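Understanding the architecture of this molecule
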Amino acid sequence: MSTFLDAPRPETPPAGTTRFRPAIHFTARDTWLNDPNGLVFHNGIYHLFFQNNPFGNVWGNMSWGHATSPDLVHWTEHPVAIACDDVEDVFSGSVVVDHGNTSGFGTADAPALVAIYTSAYKGSSEHSGMQAQSLAYSADAGLTWNKYDENPVLTRNSSNFRDPKVFRYQGDQGAYWVMVAVEAHHQQVVFYRSDDLKSWEYLSDFGPANADAGDWECPDLFPLAVDGDPGNTKWVLIVNVNPGAVAGGSGGQYFVGHFDGVRFVPDAGSLAAPGGVSSLDAATAAAALRQCLWLDWGRDCYASVSFSNVPDGRRIVIGWMNNWDYANELPTAPWRSSMTLARELRLTAAHGALRLVQQPILAGRSEGEELIPGKQLVSAGLRELNGEALRLPDAVPGTAQIIEAEIAPGGADRLDLRIFGGRDGAAGAVLSYDTARAELSLDRRSSGDTGFHAKFASVESAPLVLEDGVLKLQVVVDHCSVEVFAQGGAVVLTDLVFPDAEHQQVWLSAEGGRATVLRLTVSSLD
Ligand code: FRU
C-alpha cells in the first residue's frame, strides 16, 4: 500500500477513557447528558441547555444543564439552570425571548427568557405519574432561573405529554405563541396557542404517520424559504422517534408541509406511510421506512431541535449524539454522551422534491468565508485510485479532522474511506459507496470497542444517487464520532465509534475498477 502523505505520527493518546473526549463536540465536564433543550440565541450568545443528571453519568435526576457559546463551536459549561426537586424531574423543552413581555416575567425594556419544560411528576407530587408543561423564567439572560409558582400551566392528565417547543407565530390570524408537543405513546404531535405563555388553548393534532413504531418525542416546527426564496416558504415538522428509526433505535424524521396557525398539513411528497409504517405488513413497512424523510441516517443523532431567535431566518439544529439502545453504557467516564455539531438547515427543491440539506457549523463564519477554517493537512487535485489504498494524513493529536473529497467512482464498484484504521489498512469504521446499489454505508463492526452493548456493532446505509457521477463527501472525525455530510448535506449519517488507541489511520481505496479523486482536502479542527 502506498502512503499518501507522510504526515507526522500522532502521539499515543493518554490511557483511560478520557481519550474519547471530543475536541469539537459539547460534553458535560463530568456528568451525563441527553437531549438539547431551550436552544436560544440572545444578546449575541448561543445558549445550549440540556437534559442533565447533575449527580451521575447515567440517566436520572433530570435537570437542565447549561452551556453558552459565541460561535456554536466553543462552549462554556455553567451551573445547572433548572434543577429537579422532590416533586418533579425537569424534562425536555424550549426557551423563548419574551420580547413583548407577554408573560409579565420581564419588562418591556428587559425581556425575560422563558423556559417551557415538561414536569415529570414524582410519586410525592399531587400530580404523581403525570407529565405536564411548566414555566421557568430568567431575568439575568439565562444564568439563574425561577420556576413559576402556578405550574403546571398545561396538563392533559396524560403520563406521556411532553417536550414542548414554543415559537412566536405571526400570520393572517395575528401574532401568538404556538406550542408543539407530543402525546408520545400515541405518536401524535399536539398544537396549542397562547397569548401570555401561561394559559393555553388546544389547536389541533397530527399523527401517527410515517415512522411510528416507537414513542414520538422532541418535535419542532418552523418555516424555511425554499432555495432561499422568501416568496416561497414551507413549514418543516421534526418528529423524533424512539425506537423505530431507520437505522434502529432512536432517530429524527421530518415532514414538509403547510401550517396555517392552527393545523399542520404535510405535502403528499413527504408521506411514505400516511397511516404510519406500523399499519403496514413487515416487508412494505421496511421499504416505507426508508422512504420517510430522515434528518440523519446514522445510529447516533436524536432529539434534534432548533434554536429560537436566530437572526435572518437561519435555522440551526443540534442533536444528541447517541441512541437510547445503548446510551447508558457508552465506555466513557466520568462524562457520558455528547451533542452533534450545530448544523444549519436549508430547504431545497433541487432534487425534484422538497428536502432538507444540512451543513456543519465549524466556526463562527460570516457569509462568503471559506467553510473550513481548520489547518490544512493536505490538499490535492486529480488522482487515480486503482486498487491500492491511499493513506491520508493522521489526525493531529487532540484535534478533530474534516475530510472533504469529490470522487468519481467511474468503473469502480465500490469506494471505501477507512477511518480509525490500523497501519496495515485493516479495521476501522468503513464509509463505503456502492455504485450498483447507489448506497452510502458506514460499517462500525470493526471500529474498536463495540462490545459494551449487543446492539452497538452495526452497519448503517442511506440511498444516494450521484450527481454527474461524483460523490461529494465532508466527513468530520472527532475522538469518538464520525459525521458524514454527503452531496452538500443532502444525506447525513452520524455514528459513534470507540477506536483502539493505535488505530488512527485513514485510508481511501476503490474496488473493481478505476476511480478518480477530483478534489481532496484534509484539515485539522481545534
Ligand atoms: C428524549 C426524552 C424526552 C424526555 C427526555 C427525558 O430523549 O425521552 O422525551 O423529555 O428524554 O430525559
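If you're wondering where the values come from, they're calculated on a predicted model, not measured in any experiment.

Comments concerning the overall build of the protein
Helix and strand counts for the protein stand at one helix and 35 strands. Against the compact-globule benchmark of 24 Å for 526 residues, the protein has a radius of gyration of 23 Å, which places it among compact chains. Taken along its principal axes, the extent of the C-alpha atoms in the protein is 70 × 50 × 45 Å. Across the 526 residues of the protein, 60% fall into the buried class. Considering only residue pairs separated by 6 or more positions, the protein has 62% of its internal contacts joining residues 24 or more positions apart. Computed over 36 positive and 63 negative side-chain charges, the separation of the two mean positions in the protein equals 4 Å.

Regarding the nonpolar core
Ranked by internal contacts, the top residues of the largest apolar core, which has 69 residues, are F191, L237 and V475. Sequence-distant contacts of L237, defined by excluding residues within four places in its chain, comprise V180, V189, F191, F206, D220, L221, Q253, Y254, F255 and F264.

A few points about the packing of aromatic side chains
Scanning the model with the defined rule gives 32 aromatic pairs in all. Geometrically, the ring pair formed by F26 and F50 is tilted, given 5.2 Å between the ring centres and 55° between the ring planes. Of this pair, F26 sits in the loop between strand 1 (2-3) and strand 2 (32-42) while F50 sits in strand 3 (residues 45-53), and the two are 24 residues apart along the sequence. Each member of the pair F26 and F50 is classed as buried. An aromatic cluster is present here, built from F167, Y169, Y176, F191, W235 and F259 joined pairwise through their rings. In this structure, K198 is placed above the aromatic ring of F105, and the distance from its NZ or CZ to the ring centre is 4.6 Å.

Comments concerning the domain arrangement of the protein
Interface size is often expressed as the accessible area that is lost when the parts come together. Once the domains are mapped, the protein shows domain 1 (29-360) and domain 2 (372-525). Taken together, the contact pairs 27 residues of domain 1 with 29 residues of domain 2. Roughly 2300 Å² of surface becomes buried between domain 1 and domain 2 when both sides are summed, with 60% attributable to carbon and sulfur atoms. Our enumeration of links across domain 1 and domain 2 arrives at four salt bridges. The tally of links between domain 1 and domain 2 comes to 17 residue pairs in polar contact (both at pLDDT 80 or more).

Details of the sheet that holds strand 2
Pairing in this open sheet of four strands is antiparallel, and the strands run 2-3-4-5 from one edge to the other. Edge positions in the sheet fall to strand 2 and strand 5 (76-82), since each has one partner strand and no second. Averaged over all adjacent pairs, the angle separating strand axes in this sheet is 30°, with direction ignored. As paired strands, strand 4 (residues 63-69) and strand 5 are joined by four bridges and run antiparallel to one another. Note that in strand 5 the partner of W64 across the bridge is I82.

Describing the site of the ligand
Residues in close proximity to the ligand include N34, D35, Q51, W59, M62, F91, S92, R162, D163, E217, Y302 and W324, which together make up its full environment. Residue E217 places a side-chain N or O atom 3.0 Å away from an oxygen atom belonging to the ligand. One of the side-chain N or O atoms of W324 is found 2.9 Å from an oxygen atom in the ligand. Within the complex, the protein chains bury 95% of what would otherwise be the 310 Å² of accessible surface of the ligand. Of all elements in the fold, only strand 2, strand 6 (88-97) and strand 10 (161-171) reach the threshold of two or more residues within the shell around the ligand.

A word on the state of the cysteines
Each disulfide consists of a covalent bond between the sulfur atoms of two cysteine residues. Scanning the entire structure with this criterion turns up zero disulfides. Cysteine C292 remains unbridged, with the sulfur of C301 as its closest cysteine sulfur at 16 Å. As a non-bridged cysteine, C480 has C301 as the owner of its nearest cysteine sulfur, 14 Å distant. With a relative accessible area of 3%, C480 lands in the buried category.

Description of the pairing of strand 12 (residues 188-194)
The buried fraction of strand 12 amounts to six of the seven residues, a majority that puts the element mostly inside the structure. Here seven bridges tie strand 11 (residues 174-183) to strand 12, and the two strands are oriented antiparallel to one another. Residue pairing across strands places V178 opposite R193, the latter belonging to strand 12. In this antiparallel pair of consecutive strands, strand 11 and strand 12, the connection spans four residues, and Q187 shows a positive phi of 50°. Of the pairings in the sheet, the one linking strand 12 to strand 13 (residues 201-206) comprises five bridges and is antiparallel in character. What sits directly across from F191, in strand 13, is S204. Linking two consecutive strands that pair antiparallel, namely strand 12 and strand 13, is a turn of six residues; a positive phi of about 70° is found at L197 within it.

Description of the pattern of salt bridges
Evaluated as defined, the whole model comprises 25 salt bridges. Among the salt bridges present, the one from R156 reaches E183, with a minimum N-O distance of 2.7 Å. With R156 in the loop between strand 9 (146-147) and strand 10 and E183 in strand 11, this residue pair connects regions lying 27 residues apart in the sequence. A relative accessible area of 5% means that E183 is categorised as buried. In this structure, D163 and R162 form a salt bridge, with 4.0 Å as the shortest nitrogen-oxygen distance. Given a relative accessible area of 7%, R162 falls into the buried group. Salt bridges sharing common partners tie together R162, D163, D215 and E217.

What counts and how
Residues numbered from 1 in each chain as written. Predicted model: local features only at pLDDT ≥ 70, side-chain atom pairs only at ≥ 80, totals over all residues. Heavy atoms only, no water. Helix = DSSP H or I, 4+ residues; strand = E, 2+ residues; numbered from the N terminus. Rg over C-alpha atoms; globule rule 2.2 N^0.38 Å. Buried < 20%, exposed > 50% of the residue type's maximum accessible area, 1.4 Å probe, protein only. Contact = heavy atoms within 4.5 Å. Lys, Arg positive; Asp, Glu negative; His and termini not counted. Charge placed at Lys NZ, Arg CZ, Asp CG, Glu CD. Core = buried A, V, L, I, M, F, W, Y, C linked by side-chain atoms within 4.5 Å. Phe/Tyr/Trp six-rings, centres within 6.5 Å; stacked < 30°, edge-to-face > 60°. Lys NZ or Arg CZ within 6 Å of the ring centre and 35° of its normal. Domains from an automatic or database assignment. Buried area = accessible area lost by both parts, 1.4 Å probe. Salt bridge = Lys/Arg side-chain N within 4 Å of Asp/Glu carboxyl O. Polar contact = N/O pair within 3.5 Å; in protein donor to acceptor, adjacent residues only side chain to side chain. Pairing = 2+ DSSP bridges. Axes fitted to C-alpha atoms, helices over the stretch in contact; angles between N-to-C directions. Near = heavy atom within 4 Å. Areas by Shrake-Rupley, 256 points an atom, 1.4 Å probe, with all protein chains shown as cover. Disulfide = S-S within 2.5 Å.

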